[in-house]
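Chain residues, written in single-letter form:
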Amino acid sequence: MIKHLRDAGDLDAGNATLILDTARELARLTGGREVKKLPTLRGRTVVNLFYEDSTRTRISFEAAAKRLSADVINFSAKGSSVSKGESLKDTALTLQAMGADAVVIRHGASGAPHRLANWVDGSVVNAGDGTHEHPTQALLDAFTMRERLGRLAGLNVTIVGDVLHSRVARSNVVLLATLGAKVTLVGPPTLIPVDIASAEVSYDLDAVLPTSDVVMMLRVQHERMNASYFPSAREYSRRYGMDGARMARLPEHAIVMHPGPMNRGMEISPEVADSPRSTIVEQVANGVSVRMAVLYLLLGGK
Amino acid sequence: MAYLITNVSVLGAEPRDLYIDGGVIAEHKGEEPDHIIDGTGLVALPGLVDLHTHLREPGREDAETVETGSRAAALGGYTAVCAMANTSPVADTAGVVEQVWRLGREAGLVDVQPIGAVTVGLAGERLAELGAMADSAATVRIFSDDGHCVADPRLMRRALEYVKAFDGVIAQHAEEPRLTEGAQMHEGEVATRLGLTGWPAVAEEAIIARDVLLAEHVGSRLHVCHLSTAGSVEVVRQAKARGVRVTAEVTPHHLVLTHERAESYDPVFKVNPPLRTPDDVKALRAALAEGIIDIVATDHAPHAVEDKECEWAYARPGMVGLETALSVVLSTGSLEKDGEIDWDLVAERMSRTPARIAGLTDHGHDPLPGAPATFTLVDPAATRTVDPVETASRSKNNPYAGMSLPGRIVATFLRGEPTVLDGKATK
Ligand SMILES: [Zn+2]
């Protein structure tokens, strides 16, 4: 197994599949009405180093570590930067001295997990870095697709929205290509990054829906309007939002995903979000299982 | 002190002796020298001239001083450097440029020619006292807001026009700021993958295109700093064909390093303009050989450790380059004819032309009898492995660490006085 999960590029097909299989097994062992703990990581220390507020992701990692009996230290470093407060390197040396076996880092700067991995001996897990990646989100998305549709290879996955600023999209593009799915990115041309490798691009959502097995709607932030990425929320929603009429164009078996938090009425209508095709609630549950698998495998648990 | 350099090849010609006395080069007529330097295997070049150096003094003496930067320059074969204006305080008054000029004289390792800011505080709002800087003891002729683009077209027009009164030149850092907000690296496949905001080539090309038209319109001289894209080469090519008085520089790093280097997220590779694509590198090399790009300039940009040992987005852009420039340029093979180094072309791109653009009349003269003894001796057969710690600079942000590069500076002379001997600074 690899030492760090800095981005989805750290995973080959074998390791990615092993994480998904392990997540399934861990879900079986610890799931059910009363959550059971496994002793696997007893005595190991997992630090959640969060430079950005993300209660959802932090809680998910915390639950995952605790279900494996690891000691969890939450290190909130929000607001820190080189100009004020401690540098990332100094923080890394502190964590090193505390004997962190794994550092889960969420950071506003792309590549911060790569920098951190130079300065600590433990494993580094990227919980979202800038506009770069969020690999455990991609793993839980892949897990969810596989649970619902039975496979990943050959699936047509359509990712819709602000791909340019989305770390979720970047991780999904890389991981899904590794696992043999075909990805199509859809959005206004202003929000599709230049020269993106291993994905198709379309500006016409209606055209790709009939052949999509999975549609993943990305959160679109309202402030993008101010930077002229698109003219108005209404126009965005009309051209790229998922509503009931668009959902009807999907094949019978197709699912609709969203990494959350949703802008209901912007990129996704309540009708879709609450429909049986929506996987939004199970994505959250699957997140814990996948993060357990990641910590378990990176830390060499047994 | 009189020096005799024996059996040295001047610009690749048949070896001969050079006698140095009283600051000039003379024929050796049997006089007894104080020192003899065996020039066997060495090439003598006119002292290199750098049109784009950040010496950081005043303001960031922890990163570099006029003295340490001068020493690094001399070790790189330079006899003159043009010190950029983005110091703290900014070199936008006669007082600051004279201070830098005086510090250069005191260090005495290279001629330090201050560049004046175009606008007050580099703020891009109103002209600095360009005439006062021109008339000062520093006799400023090059003006630049480097680090910032003079983006306002009316202000750029006025600056170009105004400096005609004293044969000045505006050196533009070509970057349309609205197209590079938050930019971290070259916009392209690598930036997309790394999730770093892109710095598109067009942000440079659009400003150069505008500026050559402005320079043409008002009949002024324009110099383009650190040209970095294939598209910029074409804009300059067309302007030159029309007779526009435009010159352009390329940095050593843009001739060898590409945007893939950012994959490490190591900010030692963060620079502005950013490292570009292999196709850009190819075009820049060809343009330097052809003369569309007139000169090599280092954009030597020392930075303190804490400004580089951090997240990519928080790091300051820039890399050191004075001590490696000639070796890096030689490694590209751009300045060769039939597989041999064309030393005359090296002199043209790294000494004579930058001296002419900067108006440094003491520099850029071939080291032959009658010329000022301001030259450098290169051992082209030597190779060296770059170690960032082995430097005269205060900063270690060297992107060539571990690279094996050709050529070594053996000695440098400034007006008859050695600043470097046996590859070591004399003071
Ligand atoms: Zn610049």
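Keep in mind that this is a model prediction, so the values were computed, not measured.

Side note on the overall build of chain A
Point 1. Looking only at helices and strands, chain A has 11 helices and nine strands in total.
Point 2. Taken over the C-alpha trace, chain A has a radius of gyration of 19 Å; the compact-globule value for 302 residues is 19 Å, and the two agree within 12%.
Point 3. A principal-axis box enclosing the C-alpha atoms of chain A has dimensions of 55 × 45 × 30 Å.
Point 4. When the 302 residues of chain A are sorted by exposure, 58% land in the buried category.
Point 5. Restricting the contact set of chain A to residue pairs at least 6 apart, pairs at least 24 apart contribute 74%.

Focus on the sheet that holds strand 10 (residues 169-172) of chain B
Residues and elements named next belong to chain B.
Point 1. Here five strands make up an open sheet; going across it, the order is 9-10-13-14-15 and the pairing parallel. In the strand order of this sheet, the two ends are held by strand 9 (142-143) and strand 15 (295-296), each with one partner.
Point 2. The pairing of strand 9 with strand 10 spans two bridges and is classified as parallel. Bridge pairing in strand 10 places Ile142 opposite Val169.

Focus on the sheet that holds strand 8 (residues 111-114) of chain B
Residue and element names in this part refer to chain B.
Point 1. Reading across from one edge, 6-7-8 is the order of the three strands in this open sheet, with parallel pairing throughout. Lying at the two open borders of the sheet, with one neighbouring strand each, are strand 6 (48-53) and strand 8. Averaged over all adjacent pairs, the angle separating strand axes in this sheet is 20 degrees, with direction ignored.
Point 2. Strand direction decides the pairing type here: strand 7 (residues 78-83) and strand 8, joined by four bridges, are parallel. Paired with Ala80 across the strands is Asp111, a residue of strand 8.
Point 3. Sitting on the sheet, helix 2 (residues 94-107) is in contact with strand 7 and strand 8, with an inclination near 175 degrees to strand 8.
Point 4. On the sheet, helix 11 (residues 343-358) packs against strand 6 and strand 7 and is oriented at approximately 55 degrees with respect to strand 6.

Section: the confidence of the model for chain B
Point 1. On average, residues of chain B score 97 in pLDDT, and 100% of them reach the 70 mark or higher.
Point 2. We note a pTM of 0.95 for the whole complex and an ipTM of 0.93 for its interfaces.

So, the domain arrangement of chain A
Buried accessible area, meaning the area lost when the parts come together, often serves as the stated size of an interface.
All names here are of chain A.
Point 1. According to the domain assignment, chain A contains domain 1 (8-132 + 284-299) and domain 2 (135-279).
Point 2. Centre-to-centre separation of domain 1 and domain 2, based on C-alpha positions: 25 Å.
Point 3. Taken residue by residue, the interface counts 29 residues in domain 1 and 24 residues in domain 2.
Point 4. Summing both sides of the interface, domain 1 and domain 2 together bury roughly 2,100 Å²; the carbon and sulfur share of this comes to 62%.

Some words on the side chain of Thr332 of chain B
All names here are of chain B.
Point 1. Residue position: Thr332 is located in helix 10 (residues 325-332).
Point 2. Here Thr332 falls in the buried class, since its relative accessible area comes to 10%.
Point 3. Reaching out from Thr332, the side chain makes a polar contact with the backbone oxygen of Val329 at a distance of 2.6 Å.
Point 4. Not counting chain neighbours up to four residues away, the residues in contact with Thr332 comprise Leu255, Val256 and Arg285.

Observations regarding the coordination of the zinc ion
Residue and element names in this part refer to chain B.
Point 1. Bound to the zinc ion on the protein side are Asp146 (OD), His173 (ND1) and His226 (NE2), at distances that span 1.9 to 2.2 Å.
Point 2. When the donors of the zinc ion are listed by position in the chain, the intervening gaps give D-x26-H-x52-H. Of this pair, His173 sits in the loop between strand 10 and strand 11 (185-186) while His226 is found in the loop between strand 13 (222-224) and helix 7 (230-241), placing the two residues 53 residues apart along the sequence.
Point 3. Here His226 falls in the buried class, since its relative accessible area comes to 2%.

Points about helix 5 (residues 135-149) of chain A
Residue and element names in this part refer to chain A.
Point 1. In a regular helix each residue adds 1.5 Å, so 15 residues correspond to 21 Å; helix 5 covers 21 Å between its end C-alpha atoms and thus fits that length.
Point 2. Helix 5 sits mainly inside the fold: 13 of its 15 residues count as buried.
Point 3. Backbone geometry just after helix 5 places Gly150 at a positive phi near 85 degrees.

Digging into the packing of aromatic side chains
Point 1. Counted under the stated rule, the structure contains six aromatic pairs over all chains.
Point 2. Taken together, a centroid distance of 5.7 Å and an interplanar angle of 40 degrees make the contact between Tyr236 of chain A and Tyr240 of chain A tilted. Of this pair, Tyr236 of chain A and Tyr240 of chain A both sit in helix 8 (residues 233-240), four residues apart, roughly one helical turn.
Point 3. Geometrically, the ring pair formed by Tyr3 of chain B and Phe413 of chain B is edge-to-face, given 5.1 Å between the ring centres and 80 degrees between the ring planes. Of this pair, Tyr3 of chain B sits in strand 1 (residues 3-10) while Phe413 of chain B sits in strand 19 (residues 404-414), and the two are 410 residues apart along the sequence.
Point 4. Here a set of aromatic residues connected by ring pairs shows up, and it is made of Phe230, Tyr236 and Tyr240 of chain A.

Parameters and conventions
Residues numbered from 1 in each chain as written. Chains lettered and ligands numbered in written order. Predicted model: local features only at pLDDT ≥ 70, side-chain atom pairs only at ≥ 80, totals over all residues. Heavy atoms only, no water. Helix = DSSP H or I, 4+ residues; strand = E, 2+ residues; numbered from the N terminus. Rg over C-alpha atoms; globule rule 2.2 N^0.38 Å. Buried < 20%, exposed > 50% of the residue type's maximum accessible area, 1.4 Å probe, protein only. Contact = heavy atoms within 4.5 Å. Pairing = 2+ DSSP bridges. Axes fitted to C-alpha atoms, helices over the stretch in contact; angles between N-to-C directions. pLDDT = per-residue confidence, 0-100. Domains from an automatic or database assignment. Buried area = accessible area lost by both parts, 1.4 Å probe. Polar contact = N/O pair within 3.5 Å; in protein donor to acceptor, adjacent residues only side chain to side chain. Donors = N, O, S within 2.8 Å, 3.2 Å for Na, K, Ca; no water. Expected span 1.5 Å × (residues − 1). Phe/Tyr/Trp six-rings, centres within 6.5 Å; stacked < 30°, edge-to-face > 60°.

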